[in-house]
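Observations on the model geometry
Read off the chains here:
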Amino acid sequence: MTTSSPLPDPRVRPQVTPGSGGLVDRHGRTATDLRVSLTDRCNLRCTYCMPPEGLQWLPKVEQLTDDEVVRLVRIGVEHLGIQEVRFTGGEPLLRPGLPGIVAATTALRPRPEVSLTTNAIGLSRMAPALAAAGLDRINVSLDTLDRERFKQITHRDRLPDVLAGMQAARDAGLTPVKVNAVLMRGINEDDAVPLLEYCLEHGYELRFIEQMPLDAHHAWTRGEMVTAEDILARLTATHTLTPDVEERGAAPAERWLVDDTGLTVGVIASVTRSFCGACDRTRLTADGQIRNCLFAREESDLRSALRGGADDAEIADRWRIATLSKLPGHGIDDPSFLQPSRPMSAIGG
């Protein structure tokens, strides 16, 4: 069984010189993977994310414009060593300027790897334009293949649109198409094996993610969470799983080869086997705030500097300084742990 990476040594205290270097925290980790939330809005209402009536959305004036998004991404790539950019939400397909943002990002040098996390509603229409803009691949969130259960989880009857979007992404060459699934006790635990078999049949890469305390109504409890061990027990009841010997690096998923297919399934054990010690991520919210962790209680404002006339070098330094405050781990097991005030839809995955 693959074990989680140890937490960083708290004695490590790298020095940051203004105007130079990448995004290095006080524990020796370097952020090279940028997650960019393009909107807090979503056209689904997944029960582990937001209430059926939705949330109060960010006012448009507080959101970064397309040009502001591109400028911050460019600073990350050209000044701070960002190598991968993932656009998220909310639902990023709801951002009208998405193809242009992707095209501007893939035109950067050195060119970062550019991907998108989406619920795939509307992807059947958008996939060709995103491929033409240079997008490399797609991650799709899908928790069940049962249409009624999909409606129960998301409060929307859109499963056929999601499946069509996944097919369109594959047809457009946005591969590998990765599927992210969250299992919830008493709701969709039985979907583990059907999801795996569907993904094997269609050549998608399935990743199960432990449910995290990022729901808007703060109803998450660890005792009700479907753990990585629970997921693996279900999968191994019907399939032979062999640990993948490929080096995991900073990737969050522990991977297994499935039967003799040559394909893999992954489990992202964010809670029970955290990988904080190898974390290489930095996050930019739709309103221009830097977050060092999904569970961070603090943010650093780049939007004000951007709109206040700061040059690229100053913004880069602000980003470097913000990175120094990154904690060694998410702290979910600490008795003092508190959920962040922002839900997942307002942070970006």
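Notes on the structure in this doc start here.

About the cut-offs
- Residues numbered from 1 in each chain as written.
- Predicted model: local features only at pLDDT ≥ 70, side-chain atom pairs only at ≥ 80, totals over all residues.
- Heavy atoms only, no water.
- Helix = DSSP H or I, 4+ residues; strand = E, 2+ residues; numbered from the N terminus.
- Buried < 20%, exposed > 50% of the residue type's maximum accessible area, 1.4 Å probe, protein only.
- Areas by Shrake-Rupley, 256 points an atom, 1.4 Å probe, with all protein chains shown as cover.
- Core = buried A, V, L, I, M, F, W, Y, C linked by side-chain atoms within 4.5 Å.
- Contact = heavy atoms within 4.5 Å.
- Pairing = 2+ DSSP bridges.
- Axes fitted to C-alpha atoms, helices over the stretch in contact; angles between N-to-C directions.
- Polar contact = N/O pair within 3.5 Å; in protein donor to acceptor, adjacent residues only side chain to side chain.
- Phe/Tyr/Trp six-rings, centres within 6.5 Å; stacked < 30°, edge-to-face > 60°.
- Parallel < 35°, antiparallel > 145°, perpendicular 65-115°, else oblique.
- Left-handed = near helix turned anticlockwise from the far one by under 90°.
- Nonpolar A, V, L, I, M, F, W, Y, C, P; charged D, E, K, R; others polar.
- Salt bridge = Lys/Arg side-chain N within 4 Å of Asp/Glu carboxyl O.

**A look at the overall build of the protein chain**
- In terms of helices and strands, the protein chain carries 10 helices and 14 strands.
- Here the protein chain, with 349 residues, has 54% of them falling under the buried criterion.
- Only carbon and sulfur atoms are counted for the fraction: they give 51% of the accessible area of the protein chain, which is about 14700 Å².

**Some remarks on the nonpolar core**
- With 89 residues, the main nonpolar core has Val36, Phe87, Leu130, Leu206, Phe208, Leu235 and Val265 as its most contacted residues.
- Residue contacts for leucine 130: discarding those within four places in its chain leaves Leu93, Leu98, Pro99, Val102, Leu116, Leu123, Leu135 and Leu174.

**What to know about the sheet that holds strand S5 (residues 113-118)**
- Taken together, the 12 strands give an open sheet; going across it, the order is S9-S10-S11-S8-S7-S6-S5-S4-S3-S12-S13-S14, and neighbouring strands pair in mixed fashion. What marks the edges here is a single partner per strand, and that holds for strand S9 (241-243) and strand S14 (300-301).
- When strand S12 (residues 281-284) meets strand S13 (residues 289-291), the two strands line up antiparallel, connected through two bridges. Residue pairing across strands places leucine 284 opposite isoleucine 290, the latter belonging to S13.
- On the sheet, helix H1 (residues 66-80) packs against strand S3 (33-37), strand S4 (84-88) and S12 and is oriented at approximately 170° with respect to S3.
- Taken strand by strand, helix H7 (residues 228-236) contacts strand S8 (205-209), S9, strand S10 (254-258) and strand S11 (264-268), and its axis lies near 160° from that of S11.

**With respect to the side chain of histidine 202**
- Inspection of the secondary structure puts histidine 202 in helix H6 (residues 192-202).
- There is a polar contact of 2.9 Å between the side chain of histidine 202 and the backbone oxygen of tyrosine 198.
- Once residues lying within four places of it in the same chain are set aside, the contact partners of histidine 202 are Gln167 and Arg170.

**Overview of the environment of isoleucine 121**
- Position of isoleucine 121 among the secondary structure elements: in the loop between S5 and helix H3 (123-132).
- In the structure, isoleucine 121 is positioned 45 residues away from methionine 166 in sequence and 9.3 Å away in space, judged by C-alpha atoms.
- With residues near it in sequence (within four places) discarded, isoleucine 121 still touches Asn43, Leu44, Leu93, Arg158 and Val162.

**Focus: the packing of aromatic side chains**
- Scanning all chains against the criterion turns up one aromatic pair.
- Between tyrosine 198 and tyrosine 204, the aromatic rings sit 6.3 Å apart at their centres with planes inclined by 45°, giving tilted as the arrangement.
- Relative accessible area serves as the criterion here: at 19%, tyrosine 198 is assigned to the buried category.

**Brief notes about the packing of H3 against helix H5 (residues 159-171)**
- Contact geometry for H3 and H5: axes closest at 8 Å, N-to-C directions at 20°. Comparing their axes, H5 and H3 come out roughly parallel. Judged by the twist between their axes, the crossing of H3 over H5 is right-handed. Two secondary-structure elements touch here, H3 through Leu123, Ser124 and Ala127 and H5 through Ala164, Gly165, Met166, Ala168 and Ala169.
- A class-by-class count of the residues in the contact of H3 with H5 yields six nonpolar, two polar and no charged.

**Considerations on the pairing of S10**
- Residues Glu254, Trp256 and Val258 line the buried face of S10, whereas the alternating positions Arg255 and Leu257 sit on a face that is not buried.
- As defined by bridge partners, S9 adjoins S10 across three bridges and the pair is classed as antiparallel. Bridge pairing links leucine 241 to valine 258 in S10.
- Pairing analysis gives four bridges linking S10 to S11, with the strands arranged antiparallel. Each bridged residue has a counterpart across the sheet, and for leucine 257 the counterpart in S11 is threonine 264.
- Between S10 and S11, which pair antiparallel one after the other, the connecting turn spans five residues, and aspartate 259 there sits at a positive phi close to 50°.

**Observations concerning the pattern of salt bridges**
- Overall, the coordinates contain 24 salt bridges when judged by the stated rule.
- Arginine 234 is the partner of glutamate 189 in a salt bridge, and the nearest nitrogen-oxygen pair spans 4.0 Å. With glutamate 189 in the loop between strand S7 (178-181) and H6 and arginine 234 in helix H7, this residue pair connects regions lying 45 residues apart in the sequence.
- Judged by relative accessible area, which is 16%, glutamate 189 ranks as buried.
- The class of arginine 234 is partly exposed, set by a relative accessible area of 31%.

**Some remarks on the side chain of arginine 29**
- Note that arginine 29 resides in the loop between strand S1 (23-24) and strand S2 (30-31).
- Here the side chain of arginine 29 touches proline 328 through a polar contact of 3.2 Å, landing on its backbone oxygen.

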